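For reference, the chains in residue letters:
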Amino acid sequence: MKLGEIIQPLILKQVIGDAGTEIQDIKIDSRQVGPGDLFIALKGHHVDGHRFVEKAIAQGAAAVMVEKPVSADIPVVVVPDTRKAMAVVAATFYRHPTKELKVIGVTGTNGKTTTTHLIQRIFNDQDKKTGLIGTISMKIGDREYKVNNTTPEVTDLQKSFRMMLDEGCQYAAIEVSSHALSMGRTRGCEFQIAVFTNLTQDHLDYHETMEKYRDAKGLLFSQLGTRYADDPKQHQVAILNADDPVSGYYAQLTSAQVITYGIDCDADVRAENIRITASGTQFTLRSFRGSIEIHLQLVGKFNIYNALAAASAALVEGVSLENIKASLEAVPGVNGRFERVQAGQPYTVLVDYSHTPDSLENALTTIREFAQGRVICVVGCGGDRDRTKRPIMAQIAEKYSDLTVLTSDNPRTEPPEAILAEMVEGIKHVDPGRYVTIVDRKEAIDYAIRQAEENDVILIAGKGHETYQEINGVRYDFDDRLIAKEAIQARQSEG
Ligand SMILES: CC(=O)N[C@H]1[C@@H](OP(=O)(O)OP(=O)(O)OC[C@H]2O[C@@H](n3ccc(=O)[nH]c3=O)[C@H](O)[C@@H]2O)O[C@H](CO)[C@@H](O)[C@@H]1O[C@H](C)C(=O)N[C@@H](C)C(=O)N[C@H](CCC(=O)O)C(=O)O
Ligand SMILES: Nc1ncnc2c1ncn2[C@@H]1O[C@H](COP(=O)(O)OP(=O)(O)OP(=O)(O)O)[C@@H](O)[C@H]1O
Ligand SMILES: N[C@H](CCC[C@H](N)C(=O)O)C(=O)O
Ligand SMILES: [Mg+2]
């Protein structure tokens, strides 16, 4: 596409050079620029992308978009705000994919990955081909792509939507993080359905207060609902968790129709007669389209919320209760979420991505419901992330476990000992026999496994599907599931 066409919708712009220049792709990282690309310079949290204009040109950029004029022998487009302009040009360049693709966005502190997987499963089973974007990866059909962020930058997002359409997708189920909403990564994306899971503490390093965090997530709902078509299937819908007090606020923010789901409060889609066991969850789903009995393989009350949210989205799109049931029941689990590590041991080992106070509490209270022996929890808190959750997570671990093993979880640029000290601050008054701190995560897992007796349950929390431990900018291979399996086998071979 020609540069002039791509920037045509921008009102404030100054073009220095030939607007007829052909553009191959749009890049925001000079390290990824190739011949023919438009490089957009963004002011980041660490560096100003304008510093890399020369490098982008050296790598073959055909044009650059900047906020401050630069001297270059290729076309330069000067705009007041490159981040805002980027959203406009990306949507234009990829030919407004979300006008055709029905995008279902899921936001909330916990449950986004699980809910998007359930949505994708239900819709794919209906031959409504559905792409997925989120924390674990991007999936289109049988192909899986690596992602750097839960919600990618606007350029990657629009490109991914176009790829999905090219692959025959009708829907996309995407996780929408609060960071993405506040940085405008979803600008220009028309959502068909927006789902809210829950709001509890996380990311206060970035958002500073719970109100600002709530409002960042609220953008998904305030930006929804201006489309009212003759065909009800084109209507935008907000799906809100009736049991979360913030939902009332989001209901007011949105112009879209609202569908509620829940367990405790009255809701349009509700779970009743709940039975939770170690191997699954059963409930009656009551909805505006009738009732049905559901037997999930997923464990824990929190997964009923995820299933209700996914079922609500499917009901809105006309999927029958019977088909929703069949798909939900067929899901064996989600990678790294309550995943069992099995090596023939007489105790249970679970790896779970609980890295927030609420998710840790949910995981541990769920385990408490079925554990016949002691509960042992291995947990750490990430570096360069919300520091205020550290003592709280230690308190929760100690409260619900018989033994807590505090350890490291992606210390990033912080000293792991300092993170652990902040966790210990939360439980410094408890009996010292109830917890240990072991900086090295492998050693911590080994220790927990060696403490386990018959019928005990070990929860290894925080990293779930992750296959690395990030220390000082380097990602070392590390998979809780493999490390735990090796530790179990080592103990078994010692007899
Ligand atoms: C705080 C934050 O969100 N940062 C995001 C931001 O990076 P940044 O602002 O630090 O970028 P920067 O390093 O200052 O660079 C500025 C610009 O210069 C460019 N650059 C930089 C170096 C270079 O050599 N050449 C070059 O062109 C960069 O590509 C960028 O465009 O923009 C990048 C590109 O979109 C993101 O990948 C990056 O996410 C980082 C990796 C991150 O860790 N983000 C987390 C906090 C995050 O967003 N998490 C949420 C999930 C949270 C949850 O729900 O649990 C997510 O959606 O992933
Ligand atoms: N609906 C829920 N409510 C509370 N906790 C949940 C819920 N669903 C899952 N969890 C817990 O949170 C953990 C993370 O779940 P999931 O990956 O689905 O959330 P997420 O919102 O995608 O997280 P992230 O913000 O890291 O992307 C799970 O391992 C589980 O312990
Ligand atoms: N999306 C979350 C993931 C946290 C995962 C945990 N293992 C950690 O590193 O803190 C974040 O970036 O805060
Ligand atoms: Mg996720």
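Conventions we followed
Along each chain, the written sequence defines residue order, and numbers are assigned to residues from 1. Lettering for chains starts from A, numbering for ligands starts from 1, and both go in the order in which the items are written. Since the coordinates come from a predicted model, pLDDT governs what is reported: local features require at least 70, and pairs of side-chain atoms require 80 or more to be given and counted, while whole-chain, interface and lining totals use all residues. UniProt positions are given in the numbering used here, feature names are shortened, and annotations may be inferred rather than shown by experiment. Take the buried Ala, Val, Leu, Ile, Met, Phe, Trp, Tyr and Cys residues, join any whose C-beta atoms are within 7 Å, and the set you get is a nonpolar core. Here exposure depends only on C-beta density: within 10 Å of a residue's C-beta, 20 or more other C-beta atoms make it buried, 12 or fewer make it exposed, and intermediate numbers make it partly exposed, the C-beta atoms being placed from the backbone. Numbered from the N terminus, helices here are DSSP runs of H or I no shorter than four residues, and strands are runs of E no shorter than two. What counts as a contact here is a pair of residues whose C-beta atoms, placed from the backbone, lie within 7 Å. Contact assignment follows one rule, namely that a residue is near a molecule or strand if its backbone-placed C-beta atom lies within 6 Å of it. For this classification, the nonpolar set comprises Ala, Val, Leu, Ile, Met, Phe, Trp, Tyr, Cys and Pro, the charged set comprises Asp, Glu, Lys and Arg, and every other residue, Gly included, is treated as polar. Note that the domain bounds were set by an automatic or database domain assignment. At least two DSSP bridges between two strands are required for those strands to pair. Between N-to-C directions, angles span 0 to 180 degrees; the directions come from axes that are lines fitted to C-alpha atoms, helices contributing only their stretch in contact. Should an angle lie under 35 degrees it is considered roughly parallel, over 145 roughly antiparallel, and from 65 to 115 roughly perpendicular; all remaining angles are considered oblique. Crossing handedness is defined as follows: a turn of the near helix away from the far one that is anticlockwise and smaller than a right angle gives a left-handed crossing, while the clockwise case is right-handed. This arc is built from the directions going out from the helix axis to the C-beta atoms. One confidence number per residue, pLDDT, is output by the predictor and ranges from 0 to 100.

Labelled according to an unreviewed UniProt entry, the protein chain appears under the name UDP-N-acetylmuramoyl-L-alanyl-D-glutamate--2,6-diaminopimelate ligase, originating from Thermoflavimicrobium dichotomicum. The annotation that UniProt attaches to the protein chain under Subcellular location (unreviewed entry) is "Cytoplasm". Per UniProt, the comment on the protein chain under Catalytic activity (unreviewed entry) is "UDP-N-acetyl-alpha-D-muramoyl-L-alanyl-D-glutamate + meso-2,6-diaminopimelate + ATP = UDP-N-acetyl-alpha-D-muramoyl-L-alanyl-gamma-D-glutamyl-meso-2,6-diaminopimelate + ADP + phosphate + H(+)".

### Comments concerning the nonpolar core
Ala-172, Ile-239 and Ile-458 are the most contacted members of the largest nonpolar core, which has 143 residues in total. Counting residues per element, this core draws most heavily on helix α10 (residues 301-316), at twelve residues. The contacts of Ile-239, once residues within four sequence positions are left out, are Ile-193, Val-195, Phe-196, Ile-259, Tyr-261, Ala-309, Ser-312 and Ala-313.

### Observations regarding the UniProt feature "domain: Mur ligase central" (unreviewed entry) in the protein chain
Per the UniProt entry, the sites bearing "domain: Mur ligase central" (unreviewed entry) are residues 106-314 in this numbering. Along residues 106-314, the helical share is 34% and the strand share 28%, with 13 Å between the first and last C-alpha atoms.

### Some thoughts on the site of ligand 3
In the region of ligand 3, the neighbouring residues are Thr-150, His-355, Gly-382, Arg-385, Asp-409, Asn-410, Gly-462, Lys-463 and Glu-466. Residues belonging to the shell around ligand 3 are distributed by class as follows: no nonpolar, five polar and four charged.

### Details of the site of ligand 1
Taken together, 19 residues are adjacent to ligand 1, and Asp-29, Gly-44, Gly-49, Asn-149 and Ser-177 come closest. Classifying every residue of the shell around ligand 1 by side-chain character gives five nonpolar, eleven polar and three charged. Both domain 1 (3-91) and domain 2 (97-330) contribute no fewer than three residues apiece to the shell around ligand 1.

### Observations regarding the sheet that holds strand β5 (residues 76-78)
Here five strands make up an open sheet; going across it, the order is β1-β5-β4-β3-β2 and the pairing mixed. The open sheet has two edge strands with one neighbour each: β1 (14-16) and β2 (26-27).

### Quick word on the UniProt feature "binding site: ATP" (unreviewed entry) in the protein chain
Here the UniProt feature "binding site: ATP" (unreviewed entry) sits at Gly-108, Thr-109, Asn-110, Gly-111, Lys-112, Thr-113 and Thr-114. On the secondary structure map, Lys-112 appears in helix α4 (residues 112-125). When the 27 C-beta atoms within 10 Å are taken as the criterion, Lys-112 is described as buried. In contact with Lys-112, other than residues within four places in its own chain, are Val-106, Thr-107, Gly-134, Glu-175 and Thr-197. Within the secondary structure layout, Thr-114 lies in helix α4. When sequence neighbours within four positions are dropped, the list of residues in contact with Thr-114 reads Asn-303, Asn-306, Val-334 and Arg-337.

### Here's the deal with the packing of α4 against α10
Where α4 meets α10, the axes come as close as 9 Å, and the angle between the chain directions of the two elements is 40 degrees. Classified by the angle between their axes, α4 and α10 sit oblique to one another. Crossing geometry of α4 relative to α10 is assigned as right-handed. Here α4 contributes Thr-114, Thr-115, Leu-118, Ile-119, Ile-122 and Phe-123 to the contact with α10, which in turn contributes Asn-303, Asn-306, Ala-307, Ala-309, Ala-310, Ala-313 and Ala-314.

### What to know about helix α11 (residues 321-330)
Those residues of α11 lying buried are Ile-324, Ser-327 and Leu-328. Buried positions in α11, seen along its axis, are confined to an arc of 95 degrees and lie on one side of it. With respect to the buried face of α11, the exposed residues turned more than 90 degrees away are Glu-322 and Ala-330. Those residues of α11 that are buried are in contact with α4, β16 (290-296) and α10.

### Considerations on the confidence of the model for the protein chain
Across the protein chain, the average pLDDT comes to 96, with 100% of residues at or above 70. Scoring of the predicted complex yields 0.96 for pTM and 0.96 for ipTM.

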